[in-house]
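Residue-level listing of the chains:
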Amino acid sequence: SPTSVLQISGHGYQYKEIPVNSHAVINIALHEDGFNSVFDMAALPFSNQPKSQVNYSVASIGTTESRWNSPGQSLDNSLQGQVSGLNVIRRSGTPGEGANLFLHGFNSMNATNQPLYVVDGMIYDANSYGSSIIKGHVNNPLASIDIKDIDNITIIKDGAAYYGTRGANGVV
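Parameters at a glance
- Residues numbered from 1 in each chain as written.
- Predicted model: local features only at pLDDT ≥ 70, side-chain atom pairs only at ≥ 80, totals over all residues.
- Heavy atoms only, no water.
- Pairing = 2+ DSSP bridges.
- Helix = DSSP H or I, 4+ residues; strand = E, 2+ residues; numbered from the N terminus.
- Core = buried A, V, L, I, M, F, W, Y, C linked by side-chain atoms within 4.5 Å.
- Buried < 20%, exposed > 50% of the residue type's maximum accessible area, 1.4 Å probe, protein only.
- Contact = heavy atoms within 4.5 Å.
- Patch = residues over 30% accessible without salt bridge, like charges linked within 9 Å, V, L, I, M, F, W, Y side chains within 5 Å.
- Areas by Shrake-Rupley, 256 points an atom, 1.4 Å probe, with all protein chains shown as cover.
- Salt bridge = Lys/Arg side-chain N within 4 Å of Asp/Glu carboxyl O.

(A) Looking closely at the pairing of strand S1 (residues 5–10). Summarising the sheet, S1 and strand S2 (residues 13–19) pair through five bridges and their orientation is antiparallel. Bridged to valine 5 within S2 is proline 19. Count of turn residues in the S1/S2 antiparallel hairpin: two residues, of which glycine 12 carries a positive phi of about 85°.

(B) Up close: the nonpolar core. Core analysis: the biggest nonpolar cluster contains 16 residues, and Leu79, Leu86, Ile153 and Ile155 have the highest contact counts within it. Secondary-structure elements contributing two or more residues to this core are strand S5 (58–62), strand S7 (99–102) and strand S10 (152–156). By size, the runner-up hydrophobic cluster in this structure holds nine residues, among which are Ala42, Val118, Ile156 and Tyr163.

(C) Quick peek at the environment of glutamine 80. Secondary-structure assignment places glutamine 80 in the loop between helix H1 (75–78) and strand S6 (87–90). Residue classification places glutamine 80 among the partly exposed positions, given a relative accessible area of 40%. Along the sequence, glutamine 80 and arginine 90 sit ten residues apart, while their C-alpha atoms lie 9.0 Å from each other. Not counting residues up to four positions away in its chain, the partners in contact with glutamine 80 are Val88 and Arg90.

(D) Structural context of a nonpolar patch on the surface. Among the surface-exposed residues, Leu6, Ile26 and Ile28 lie close enough to one another that they form a single nonpolar patch of about 200 Å² accessible area. Here leucine 6 shows up in strand S1. Residue leucine 6 is classed as partly exposed on the basis of its relative accessible area of 35%.

Such coordinate-based values are descriptive only and should not be taken to indicate function.
Written out as structure tokens, the structure is:
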């Protein structure tokens, strides 16, 4: 039928949907899992959609690559250099200290500039409501999440449509 869609997947390769459109011969090239493509699925708060069908800036990172196997890395440190527009500033070289994440730079002088963290559909309280009472004391709530337990990381650069003003600095 003219509305038929061929779905192709393979171990170690990306998933792809190709419309048949009454073609007799279809040539298909599959890319490896680590290849960044518009056919990647973005895990959004209420559904999974291909990146090509999302009308705002979203980045999805799979955690199957070898870069996630380095010991002593926290989630926020491991995102450094993975997403364009995401500034990761490490707090120090001390293990477990973590990093500050900024998607839109510094937007507020008095409130937090950190993105909103959502874990399995629930808002994860990162205790970042502005500066600390004790200067220099930093709490890293993401240190309690093991990188090996994460299947996918999706970064929405403007999450205000889903989470209102809490998602205005982005959503991880």
